[in-house]
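# Report on the structure
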There are 2 protein chains.
Amino acid sequence: MDALSGQRPLGRIPVTNVTPLVEGGDFPLKAVVGEQIPVTATVFREGHDAVNANAVLTDPCGGEHVVSLVCTNAGLNLWEATIEADRVGSWSYRIEGWSDPYGTWEHDATIKVEAGVDVDLMLEEGARVLERALQVENRPESAQRMLGDAIQALRDESRPAAARLAAGAAPEVAQELRTRPLREHVSPTPDYPWLVERQLALYGAWYEFFPRSEGCYYDEAKGEWVTGTLRTAAQRLPAIAHMGFDVIYLTPVHPIGTINRKGPNNSLDAGPKDPGSPYAIGSKDGGHDAIEPTLGTFEDFDFFVAQAHRVGLEVALDIALQCAPDHPWVTSHPQWFTTRADGTIAHAENPPKKYQDIYPVNFDNDPAGIYAEVRRVIQVWIDHGVKIFRVDNPHTKPVEFWQWLISDVAQSHPDVIWLAEAFTQPAMMATLGKVGFQQSYTYYAWRNQRQELEEYMEELSLQSADYMRPSFWPTTHDILTPYMQYGGPAAWKVRAALAATLVPTYGIYAGYEMLEAVPRPGVEEQIDNEKYEFKNRRWEDYEPGGAKAGQLWMADYLRTLNEIRKAHPALHWLRNWRRQGADDENVMCFSKRHVDGGRDDTIIVVANVDPHTTRETWVHLDMPELGLGPNDSFVAKDLITGASWQWGQHNFVRVGRDAEPVHIIHVRRF
Amino acid sequence: MDALSGQRPLGRIPVTNVTPLVEGGDFPLKAVVGEQIPVTATVFREGHDAVNANAVLTDPCGGEHVVSLVCTNAGLNLWEATIEADRVGSWSYRIEGWSDPYGTWEHDATIKVEAGVDVDLMLEEGARVLERALQVENRPESAQRMLGDAIQALRDESRPAAARLAAGAAPEVAQELRTRPLREHVSPTPDYPWLVERQLALYGAWYEFFPRSEGCYYDEAKGEWVTGTLRTAAQRLPAIAHMGFDVIYLTPVHPIGTINRKGPNNSLDAGPKDPGSPYAIGSKDGGHDAIEPTLGTFEDFDFFVAQAHRVGLEVALDIALQCAPDHPWVTSHPQWFTTRADGTIAHAENPPKKYQDIYPVNFDNDPAGIYAEVRRVIQVWIDHGVKIFRVDNPHTKPVEFWQWLISDVAQSHPDVIWLAEAFTQPAMMATLGKVGFQQSYTYYAWRNQRQELEEYMEELSLQSADYMRPSFWPTTHDILTPYMQYGGPAAWKVRAALAATLVPTYGIYAGYEMLEAVPRPGVEEQIDNEKYEFKNRRWEDYEPGGAKAGQLWMADYLRTLNEIRKAHPALHWLRNWRRQGADDENVMCFSKRHVDGGRDDTIIVVANVDPHTTRETWVHLDMPELGLGPNDSFVAKDLITGASWQWGQHNFVRVGRDAEPVHIIHVRRF
């Protein structure tokens, strides 16, 4: 039997159309520990004999775990199971189809003995099938005895045929054969890659700040700003932890370039005291492996990380692989940049616009050199306790570089998480996920209407969940959409609540607490962008007795959201998002349900996405999706307000500006 | 740069989401010579530089053929091309993404020179790009001179900048760079298998008969039937060729078993003179490698094949891998059958039904032995001029057996075609196509309504065309649906015309000419099924002067259909089927268009699928799909009747019982 040119050998029992596969298995299926992943396959055979199937999950140590598949559509030969992994690492999975002699015999014998056809023959054949089943490995002694009794009964000619058949087809025999089946012609698919990562890769609440802003102040006497430092920024960590966040994300902490430094609002004429953009990296004080001296030292950084850990926060560091003209690489390794025909190094540009404070890195002249240097830089930060990297503009660097870097780091540090800030076209965004980025910023900020949010969630939770994990941010230091500029408090509540419940990971940029909503004219960005200047938010003014006491009201709302998230496993997952009905086109309703062992946790969210109007409407629930019958009722407890109602399939809601704009409802079953 | 665990290395310019791939490339994409296949890929890169892409087609001798892709959706980075192969064999194809320095320069220079930014620098960089382009292999001397002139002009500081730029960006320079591009960072996908077969694998008109019926007659004097033979059957070939068919398909010609032989209408009590079913194969006279003595000898078979070839017909032979109890294998190789617990050989059965005239082959006891024997049998028939096998019930034999057999035969006989008679579930039908069957019988006989036909055609022409080629049969010797039983002449015309135009391959079972529509009561099958008895159709009675002269009217209709098919390339292809609109839910309208070199052939079919009523309605054409503008008009010539009308986007039609039920319209453009 020769090789089959260009074909996968199917084996004796064909298994086709396995899902999920990322590009046919070119890239690993991604999951986190405990994530429930539905797998399907088409499994069938020739003729009428019984077929069966299982998945084999191979853990990172090579141990194999078998999960039975169930036929859910006989006409389409469709088989399904849910798989999950219990530890981090490189897993694989395959589907095995096999011939099921006991199933064949049970089906045929039941029909033929009843019809009086070949009765003794069928009973003897049943005894022989069970004799073979006795040889299956690891069958407990008690089960062996039980099968032995069945064999004896099948052959006991003193008993009526129906009784002999009943002994062979008894429920306990069938159950034992399901648990430890007699499998023939086992036909495996290839092993497909399955990358299992830690829970934070999927689920977490992030908070972003500029460390220099935390603790900075304007010295009226001297007429200049005094910078915040890693030490003063660390003082803000308990408040962030108190709001329930899991990750503190720092904008870059490296030395800031001085050549062509930008001033406030991206102006070209920075004054001598302007601090510059932390995204223009590198000066005489060092590059990506150094710390801006005004922020502190590595000792201070270590202190910051330790303080974060002490209050339960992980630290995410911004990695922006671009250089100010005075970055040390420019002189030490000019080949890592692009040299123009006139011998100068190329600035960043988007013709005809030029960005003269930035030299983009060129990865093509000396890939081995620049790859190794970036790898070294990353290790510096890993060695200082950073396990999360938020990558600035990864879509302006070669995809194959990230594919290599993330894979190489994972080999020694499988717990490292990379977030892609790729606000770009869908193909790039998807591919960065396929090659390893654990998380991606998304188009969430620009999806504000109900229909577009629903369509986007179907894409994210069903189509792309195998390779791309979304992170939802209502605002960032660069993004302030018109919806947030003009929507007022209702908009800020809706966008935070939706981000926190639609997907497992969301993030908040400092200042959300007090609705910093003033844009730079003509731009979807805050005025006085914190990238270019100090921003003293005067948190102390909001404390009891302060000038603005009680006005930091979004902080409590965020804390409530984070508490709800922590308390409800349904909100820890992505694939369980389900659209629910609502009559008003501006009222969005969806549910998330997670069943694990004994616990069945179900959340329903109702949100009015129109921040300007209070809306009253009816929501219509897909009850089976909630694990309920069509006429069941349940206690709907709004976790935002604590109110409870009795709900059923159809329910009246009032949400919006003059009420709470969002209900986050826990389903309490009777 | 280490290996990437479980990932396809993307290369410098990512290429993802290649289509078409059959199960991610597990099975070959199938095509015939000249078939136009649309390929797509997502091709993109980091940053703003220009990217480009091409397909590389590798022919069976290893020669490479490059086809440029065109970006058809910039936002989605979607690239497309149409590929086709010019000879039979195992091809492969891959997509290459690459960086396009000339495209990058042309884009940036146009903007910057116009804006007066970096003018001299950009012109010099253009000259350097063209200098590199000069090094590309195989550039003709004239093109080299043209590029050399452009380089000189770019550097000619005596000319205005706009003129220098125009020289570098001139249309002839751009065209030359499209034809022989300067490609950087060429990043290929893997080579995907692509099996190219001869045209008859996709396009042909088949005619089925039982050879013993052609020339048989009832000898009134002796009171018994005299069988037709291969020699008498050969006399019918010119009439079949005259109707325009391409393939004559013979039911099995092997010795018919005598043990438990079936009688008329599948009765269990065959008389001594009953000829038996040719599907109960094997007797003392031999098995699958022998010829039923009453039909003739191998010499007669060779004569039949030669006569067929003489009139332009290829011969298809029925292969039914099952045995009568007196087949020689039963004694020579009992291990090729299933032995029951009582030592007997298992009959075919579908519990509790038994088919005691048939022993199914068991492929599992001695796979190497039975594989080799079947391969030997197939070679016998190939050596006698058979290149087409119609396989009876392939879904009752292991799929991996067919995968091996078809692949093995193709290695020495790439022109052999296999038709799967797998009237079974979709998964089996699809997989038999994936593993090599060139053609499949389909559910066509049971798709009689407009909507179900349209949905089925979208599946066949768009979703499964990469691996499964449909063959449409209005009837077979085993299938006579209620639609055909009760629909009368209009039904028989509609079903033949739709079969002949919806898909490139269709087939007709003998007797269609005179509407043999009488069923065996309660069964979707003809009365007096030709499988079990002789059938003398008395063709001579329909000839001029005969008792039924002029009543063989479907023969002329079939001939017209086959002539239209031959004359119109649009009907030779599957992927070009397009749904068109019609107001009446029983009137189906579709189009097929094929453009090849200078010839643009377009056919529109309008069919009333209700055989009982004449219907008048409007059809609405998708004009761009026909290569026409929305307000264009054209001459619509009905190729069935010869009538011509002036048609545009919206047209009145009258089709059905009291008129022609089907228009086959050729679009003649002004």
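Our subject in this report is the structure included herewith. Just so it is clear, the model here is predicted, and its values are computed rather than measured. (Residues numbered from 1 in each chain as written. Chains lettered and ligands numbered in written order. Predicted model: local features only at pLDDT ≥ 70, side-chain atom pairs only at ≥ 80, totals over all residues. Heavy atoms only, no water.)

## Let's talk about the overall build of chain A
Where we set the bar: Strands are runs of DSSP state E lasting at least 2 residues, helices are runs of H or I lasting at least 4, and numbering of each runs from the N terminus. Three labels apply to residues, based on accessible area from a 1.4 Å probe with only protein chains included: buried if under 20% of the type maximum, exposed if over 50%, partly exposed otherwise in between. Contacts: residue pairs with any heavy atoms within 4.5 Å of one another. Surface accessibility follows the Shrake-Rupley procedure with a 1.4 Å probe radius. Residue values consider only the protein chains on display as shielding.
Per the secondary structure count, chain A includes 16 helices and 32 strands. Principal-axis analysis of the C-alpha atoms places the extent of chain A at approximately 110 × 65 × 45 Å. Split into buried and exposed, the 670 residues of chain A put 59% on the buried side. When contacts within chain A are restricted to residue pairs at least 6 apart in sequence, long-range pairs at least 24 apart make up 74% of them. As presented, chain A carries roughly 25,500 Å² of accessible surface, and 50% of it is formed by carbon and sulfur atoms.

## Things to note about the sheet that holds strand 23 (residues 470-472) of chain A
Residue and element names in this part refer to chain A. The test is simple: Pairing between two strands requires that DSSP report at least two bridges joining them. Lines are fitted to the C-alpha atoms to define the axes, a helix being fitted only along its stretch in contact, and any angle between axes, read from their N-to-C directions, falls within 0 to 180 degrees.
The eight strands are arranged 11-14-15-20-21-22-23-24 in a closed barrel whose pairing can be described as parallel. Averaged over all adjacent pairs, the angle separating strand axes in this sheet is 30°, with direction ignored. Sheet strands in contact with helix 8 (residues 298-310) are strand 11 (204-209), strand 14 (247-250) and strand 15 (314-319), and its direction is about 135° off that of strand 15. Lying over the sheet, helix 16 (residues 553-567) contacts strand 11 and strand 24 (505-509), oriented at roughly 165° with respect to strand 24.

## Some words on the pattern of salt bridges
All names here are of chain B. Here is the rule: A carboxyl oxygen of Asp or Glu within 4 Å of a side-chain nitrogen of Lys or Arg is what we treat as a salt bridge.
For the coordinates displayed, the defined rule picks out 120 salt bridges over all chains. Between E176 and R139 there is a salt bridge, with its nearest N and O atoms 2.6 Å apart. Of this pair, E176 sits in helix 5 (residues 171-179) while R139 is found in the loop between helix 2 (119-134) and helix 3 (141-154), placing the two residues 37 residues apart along the sequence. Grouping residues by exposure puts E176 and R139 together as buried. In this structure, R593 engages D600 in a salt bridge whose closest nitrogen and oxygen atoms are separated by 2.6 Å. On the basis of relative accessible area, R593 is assigned to the partly exposed category, the value being 27%. A relative accessible area of 26% means that D600 is categorised as partly exposed.

## Focus: the packing of helix 3 (residues 141-154) of chain A against helix 5 (residues 171-179) of chain A
Residue and element names in this part refer to chain A. Here is the rule we go by: Orientation labels follow simple angle bins: below 35 degrees gives roughly parallel, above 145 gives roughly antiparallel, 65 to 115 gives roughly perpendicular, and whatever is left gives oblique. Definitions for this section: a left-handed crossing has its near helix turned counterclockwise from the far helix by less than a right angle. A right-handed crossing has that turn clockwise.
Packing of helix 3 against helix 5 brings their axes to within 10 Å, and their N-to-C directions diverge by 130°. Relative to helix 5, the element helix 3 is oriented oblique. Considering the relative orientation of helix 3 and helix 5, their crossing is left-handed. Across from A143, M146, L147 and A150 in helix 3, the residues of helix 5 making contact are E172, V173, E176 and L177.

## Let's talk about the packing of aromatic side chains
For clarity, the threshold we go by: What counts as a ring pair is set by centres within 6.5 Å for rings of Phe, Tyr and Trp (its six-membered ring), and what kind of pair is set by the plane angle: stacked under 30 degrees, edge-to-face over 60, tilted for all other angles.
Applying the stated criterion across every chain, the model contains 64 aromatic pairs over all chains. Taking the centre distance of 5.5 Å and the plane angle of 90° together, the rings of W329 of chain B and W336 of chain B count as edge-to-face. Judged by centre distance (6.4 Å) and plane angle (65°), the ring pair of F634 of chain B and W647 of chain B falls under edge-to-face. Of this pair, F634 of chain B sits in strand 29 (residues 634-638) while W647 of chain B sits in strand 30 (residues 644-647), and the two are 13 residues apart along the sequence. Here F634 of chain B and W647 of chain B have matching classes, each one buried. Put simply, the rings of W206, Y249, F423, Y441, W446 and W473 of chain A pair up and form one aromatic cluster.

## What about helix 15 (residues 488-502) of chain B?
Heads up, the rule is: One less than the number of residues in a helix, times 1.5 Å, gives the span that helix is expected to have.
With 15 residues, helix 15 of chain B ought to run about 21 Å at 1.5 Å a step, and its terminal C-alpha atoms sit 21 Å apart, in line with that. Within helix 15 of chain B, 13 of the 15 residues are buried, leaving the element largely enclosed by the surrounding structure.

## Quick word on the interface of chain A and chain B
Definition in use: What counts as buried area is the accessible surface, traced by a 1.4 Å probe, that two parts surrender upon association, with contributions from both included. N or O atoms within 3.5 Å of each other form a polar contact, as long as, within protein, one can give a hydrogen and the other can take it, and as long as residues adjacent in sequence are counted only when both atoms are side-chain atoms. In the scheme used here, Gly and all other residues not listed as nonpolar or charged are polar, with Ala, Val, Leu, Ile, Met, Phe, Trp, Tyr, Cys and Pro taken as nonpolar and Asp, Glu, Lys and Arg as charged.
Across the contact, 75 residues belong to chain A and 75 residues belong to chain B. Between chain A and chain B the total buried area reaches about 6,100 Å² when both faces are included, carbon and sulfur atoms providing 54% of it. Where chain A touches chain B, the interface holds 14 salt bridges. Here chain A is connected to chain B by 33 residue pairs in polar contact (both at pLDDT 80 or more). Of all the secondary structure elements, the ones that give two or more residues to the side of chain A that touches chain B are strand 1 (15-19), helix 1 (101-115), helix 2 (119-134), strand 17 (348-350), helix 10 (367-383), helix 11 (399-412) and helix 12 (426-434) of chain A. In terms of residue count, helix 11 of chain A provides more of the side of chain A that touches chain B than any other element does, seven residues in total. Partitioned by chemical class, the residues of the side of chain A that touches chain B number 30 nonpolar, 23 polar and 22 charged.

## A closer look at the sheet that holds strand 26 (residues 587-596) of chain A
All names here are of chain A. The sheet built from eight strands is open, its strands ordered 30-29-32-27-26-25-28-31 with antiparallel pairing. Unpaired on one side and paired on the other, strand 30 (644-647) and strand 31 (650-655) mark the two borders of the sheet. Averaged over all neighbouring strand pairs, the angle between strand axes comes to 35°, with direction disregarded. Its contacts with the sheet put helix 13 (residues 450-463) on strand 25 (577-582) and strand 26, and the angle it makes with strand 25 is roughly 155°. Packed on one face of the sheet, helix 15 (residues 488-502) meets strand 25, strand 26, strand 27 (599-608) and strand 32 (662-668) and runs near 30° to strand 26.

## Details of the relation of the copies chain A and chain B
The condition that has to hold: Copies overlap after least-squares fitting; the atoms used are the C-alpha atoms of residues with pLDDT of at least 70 in both.
Between the two copies, chain A and chain B, the superposition gives an RMSD of 0.1 Å; the rotation angle is 180° and the shift along the axis is 0.0 Å. On the angle and the small slide along the axis, the relation comes out as a two-fold axis. Taking the C-alpha atom as reference, chain A places G24 of chain A closest to the rotation axis, 2.3 Å from it. By residue overlap, the copies meet face to face through one surface: 100% of the interface positions of chain A are interface positions in chain B.

## Describing the environment of A270 of chain B
Residues and elements named next belong to chain B. Mapped onto the fold, A270 is located in the loop between strand 14 (247-250) and helix 8 (298-310). When the C-alpha positions of A270 and I640 are compared, they lie 46 Å apart, and in sequence the two are 370 residues distant. Other than its neighbours up to four places away in sequence, A270 contacts R261, K262 and G263.

## Concerning the side chain of K397 of chain A
Residues and elements named next belong to chain A. Note the threshold: Within this scheme the basic residues Lys and Arg register as positive and the acidic residues Asp and Glu register as negative, but His and the chain ends are omitted.
Mapping K397 onto the fold places it in the loop between strand 20 (388-392) and helix 11. Buried K397, no salt bridge; nearest opposite-charge side chain is D392, N-O distance 5.5 Å. At 3.0 Å, the side chain of K397 and the side chain of T396 are in polar contact.

## Side note on helix 1 (residues 101-115) of chain B
An α-helical turn contains 3.6 residues, so any two residues separated by three or four positions project in the same direction. Applied cut-off: Note on bend: at a given residue it equals the angle between the axes fitted to the 7 residues ending there and to the 7 starting there.
Spanning 15 residues, helix 1 of chain B covers 21 Å between terminal C-alpha atoms, matching the ideal 21 Å at 1.5 Å per step. The largest bend along helix 1 of chain B reaches roughly 25° and is located at A109 of chain B.

## Some words on the environment of H288 of chain B
Residues and elements named next belong to chain B. You can see H288 is positioned in the loop between strand 14 and helix 8. Considering only alpha carbons, one finds H288 and D342, 54 residues apart in sequence, at a separation of 28 Å. The contacts of H288, once residues within four sequence positions are left out, are H254, I281, A320, L321, Q322, C323, H327, W329, V377 and W381. A distance of 2.7 Å separates a polar side-chain atom of H288 from the backbone oxygen of A320. A distance of 3.5 Å separates a polar side-chain atom of H288 from the backbone oxygen of Q322.

## Structural notes on the packing of helix 1 of chain B against helix 2 of chain B
Axes are the key here: two packed helices are described by the angle between their axes and the distance separating the axes. All names here are of chain B. Between helix 1 and helix 2, the least distance of the axes is 10 Å, while the angle of their chain directions is 160°. Overall, the two elements helix 1 and helix 2 adopt an arrangement that is roughly antiparallel. For the pair helix 1 and helix 2, the sense of crossing is left-handed. On helix 2, the residues that touch P101, Y102, W105, D108, A109, K112 and V113 of helix 1 are V119, M122, L123, E125, G126, V129, L130 and R132.

## What to know about the environment of E96 of chain A
All names here are of chain A. With respect to the helices and strands, E96 occurs in strand 8 (residues 89-99). Each C-alpha atom of the pair E96 and S187 lies 5.2 Å from the other, and the pair is 91 residues apart in sequence. The contact partners of E96, leaving out residues within four places of it in the chain, are V15, N52, A53, N54, V56, R183, V186, S187 and P188. Among the polar contacts listed, one links the side chain of E96 to the side chain of R183, at a separation of 2.8 Å.

## Here's the deal with the nonpolar core
Put simply, the rule reads: Buried residues of nine kinds, namely Ala, Val, Leu, Ile, Met, Phe, Trp, Tyr and Cys, make up a nonpolar core once their side-chain atoms join them within 4.5 Å.
Core analysis: the largest hydrophobic core is formed by 138 residues, its most contacted members being I248 and L502 of chain A. At nine residues, the largest contribution of residues to this core is made by helix 15 of chain A. If sequence neighbours within four positions are ignored, I248 of chain A has contacts with Y207, F209, L237, I240, F304, A308, L313, E314, V315 and A316 of chain A. A234, L295, A427 and F472 of chain B belong to the second largest nonpolar core, which has 137 residues in total.

## Details of unusual backbone geometry
Phi is mostly negative for residues that are not glycine, and the peptide bonds are mostly trans. The residue after T19 of chain B, namely P20 of chain B, is reached through a cis peptide bond having omega -5°. The omega angle of the peptide bond from P351 of chain B to P352 of chain B is 0°, so this bond is cis rather than trans. Unlike most non-glycine residues, N17 of chain A shows phi in positive territory, near 55°. Looking at the element boundaries, N17 of chain A is found in strand 1. Phi is positive for L515 of chain B, which is not a glycine, with a value near 55°. Locating L515 of chain B in the fold gives a position in the loop between strand 24 (505-509) and helix 16 (553-567).

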